[in-house]
Amino acid sequence: MKQVRWVGIAAICSIFGVLACSSGGEGSSSSPVQPPAVVSVLPQPDDSAASAVTAVSATFDLAMQTASASSFTVYGSQTGKLSGTYTGGDTTTLSFDPAANFKPGEEIEVTLTQSLTSTGGAELDQSYVYRFVVETGGGTGIFVDVDSQTVPDQFNATAVVAGDWDGDGDLDLAVANSGGDKVYILRNDGTGNFAISSTISDQVGASAIVAGDWDGDGDLDLAVANFGSNSVAILKNNGAGTFTVNSTVEGQQGARALTAGDWDGDGDLDLAAADISSNSVAILMNDGAGGFSVFRSLAGLDGADGANALISGDWDSDGALDLAIANFGSNTVAILTNDGTGVFSLKSTVPSMVGARALAARDWDGDRDLDLAIGNFGTNTVAILKNSGSGAFTLSQSIANQTGITALISGDWDGDGDLDLAAANFGSNSVAILRNNGIGNFSSLSAVAGQIGVSALAEGDFNGDGFLDLAAADYGSDSVHILNNQP
């Protein structure tokens, strides 16, 4: 874990001379106040099975002010910015007890912002951002495609995301339809049956969609990458699951993929967009109220060509979220590291990922660092890359017989506490369920047939039984299939 460290006054004196640090004479100043350091957090970073009823806590080496306790933020990927109770002021451990339980399989992102202040009046030197995944209630990893739960009239469904849009406690869906230039909001009746509740038009060539509480009001908003109009649309939720276009970030040449995270550690969620036409990634910073602007554009990443997929995670465990980019054209994955302020630089390039088309990141082997899975469209394989702990990745397994992979997603399908994979196989019209043996080696568990040109996947407990289900967006059949995980 990254420590927020204090440079002592003695070190300064050794550089500038004793007289400059003398306590006597006019103009002398008192010694600087020691800033606090992060000692530990719970749940631990990249925990794959955190309790759904746990509090989130951070321990420091100094007592922390009560007034600054709320300066660490907690976001649920399926629920938005979480409300709850902060405790521990004037002690070394601050805790946040959420008002509601986490959802099964939900990813939780926590930011310890620099505004956290010790009782001595010093702030953190740097923010600290980390994530963990919530446990599931079981399941077998055997999925059934129920015809009655298929949602039709999705024109070239290209992307899908799950979240509780209307705040009623169950998970809904949003589907990007590149053919119809629309986003459809699918409302869950609480039993896993979905129906179209509203439509957002003029999303030209909608190719990717991501959810996040951009304005911090406690409900989930959306962002859509529009390939046809070279833009990213920010869709604001009114709290009841009705979305309106709040703003548009122009100049994204062939916007193809999106990911969200707090890049600069200020407590709000930012965005990154992969622009396949310009072979670049745009870092979009949030002003705290849900307004986004281009902070910088990353181009010329060691010959990267055809940026086609994007994912975020803390590869080097330094408390800042990094990025990985799948480059379909150059058959590589670019690993980018973040300095903690949202400034990214190329760390390394993983070669021989032929037609790299999809990405997933989780701690497959349980060693508390994030590994990568890459769906290689060209070789019909899933490559599992193990992380050394410092963000250096090496190939540990290649899973064959995956035909035309278009998407990867990770979750604990069988409820054993480690995270598995699912691969969308566009070429074979199926979803492959891959089981993790607990140390990061995968084998085939099951396959779900009948997905005509499956293009994207989303996960969540759609029917409320505690098991992780799947939603498959089918480009070929203009539909969304709900795949129920069996007990």
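Only a predicted model underlies this, so the values are computations on that prediction, with no experimental measurement involved. Residue numbers here run from 1 along each chain, matching the order of that chain's written sequence. Since the coordinates come from a predicted model, pLDDT governs what is reported: local features require at least 70, and pairs of side-chain atoms require 80 or more to be given and counted, while whole-chain, interface and lining totals use all residues. With hydrogens and water set aside, each side-chain value is computed from the structure's full complement of heavy atoms.

1. Overview of the overall build of the protein
Counting from the N terminus, the helices are the DSSP runs of H or I reaching at least four residues and the strands are the DSSP runs of E reaching at least two. Counting its regular elements, the protein contains one helix and 36 strands. Along the longest, intermediate and shortest principal axes, the C-alpha atoms of the protein span 80 × 45 × 45 Å. Each residue is assigned to one of three classes by its accessible area relative to the maximum for its type, calculated with a 1.4 Å probe on protein chains only: buried under 20%, partly exposed between the two thresholds, exposed over 50%. Within the protein, buried positions represent 56% of all 487 residues. Any two residues whose heavy atoms approach within 4.5 Å are treated as being in contact. Counted over contacts in the protein with a minimum sequence separation of 6, partners at least 24 positions apart contribute 51%. Using a 1.4 Å probe, accessible areas were evaluated by the Shrake-Rupley method; residue-level cover was limited to the displayed protein chains. Carbon together with sulfur atoms contributes 50% to the accessible area of the protein, which is approximately 17,100 Å² in total.

2. So, the confidence of the model for the protein
The predictor's confidence in any single residue is recorded as pLDDT, a number from 0 to 100. Predicted confidence across the protein gives a mean pLDDT of 92, with 93% of residues reaching 70 or more. Note on residues 1-29: pLDDT under 50 across the span, and 37 contacts to partners over four residues away in sequence or across chains.

3. Observations regarding the layout of surface pockets
Of the grid points, spaced at 1 Å and generated over the protein atoms alone, those admitting a 1.4 Å probe that cannot get out make up cavities, while open sets with protein on both sides within 12 Å along at least five of seven lines make up pockets; any residue with an atom within 4 Å of a point is treated as lining. Grid points are joined across faces, edges and corners, and a volume is the space filled by probe spheres set on the points. Space inside the second largest pocket adds up to approximately 290 Å³. As for the second largest pocket, its lining consists of 17 residues, of which Thr-79, Leu-82, Ala-100, Asp-164 and Gly-218 are closest to the centre. In this count, Pro and Cys sit with the nonpolar residues alongside Ala, Val, Leu, Ile, Met, Phe, Trp and Tyr, while Asp, Glu, Lys and Arg are called charged and the others, Gly among them, polar. For the lining of the second largest pocket, the per-class residue count stands at six nonpolar, six polar and five charged.

4. Some points on empty space enclosed by the protein
Tallying each qualifying case throughout the model produces one cavity of 30 Å³ or more. By volume, the largest cavity amounts to about 50 Å³. When grouped by side-chain class, the residues that make up the lining of the largest cavity number four nonpolar, five polar and four charged.

5. Here's the deal with the pattern of salt bridges
Counted as salt bridges are all cases of a side-chain nitrogen of Lys or Arg within 4 Å of a carboxyl oxygen of Asp or Glu. Tallied over the entire structure, the rule returns nine salt bridges. Where Arg-368 meets Asp-47, a salt bridge forms, and the shortest distance between an N and an O atom there is 3.8 Å. Of this pair, Arg-368 sits in the loop between strand S26 (356-362) and strand S27 (371-376) while Asp-47 is found in the loop between strand S1 (38-42) and strand S2 (56-60), placing the two residues 321 residues apart along the sequence. Among the residues examined, Asp-47 registers a relative accessible area of 15% and is labelled buried. Note that Asp-217 is salt-bridged to Lys-236, the shortest N-O span being 3.5 Å. Residue Asp-217 is located in the loop between strand S14 (206-212) and strand S15 (221-226), and its partner Lys-236 is located in strand S16 (residues 231-237); the two are separated by 19 residues in the primary sequence. By relative accessible area, Lys-236 is classed as partly exposed at 32%. Through salt bridges with shared partners, a single network forms among Glu-107, Glu-109, Arg-131 and Arg-362.

6. Considering the sheet that holds strand S4 (residues 80-81)
Strands are treated as partners if at least two bridges between them are detected by DSSP. Spatially, the four strands line up as an open sheet ordered S4-S3-S7-S8, and their pairing is antiparallel. Strand pairing shows two members of the sheet lacking a second neighbour, S4 and strand S8 (128-133), which therefore form its edges.

7. Overview of the pairing of strand S30 (residues 405-411)
Counted residue by residue, S30 has seven buried out of seven residues, so it is predominantly covered. Note that S30 and strand S31 (residues 420-425) share six bridges and pair antiparallel. Bridging from a neighbouring strand, Ala-407 pairs with Ala-424 of S31.

8. So, unusual backbone geometry
Cis geometry is adopted by the peptide bond preceding Pro-43, which originates at Leu-42 and carries an omega value of -10°. Within the secondary structure, Pro-43 sits in the loop between S1 and S2. Unusually for a residue other than glycine, Asp-202 sits at a positive phi of about 65°. Along the chain, Asp-202 turns up in the loop between strand S13 (194-200) and S14.

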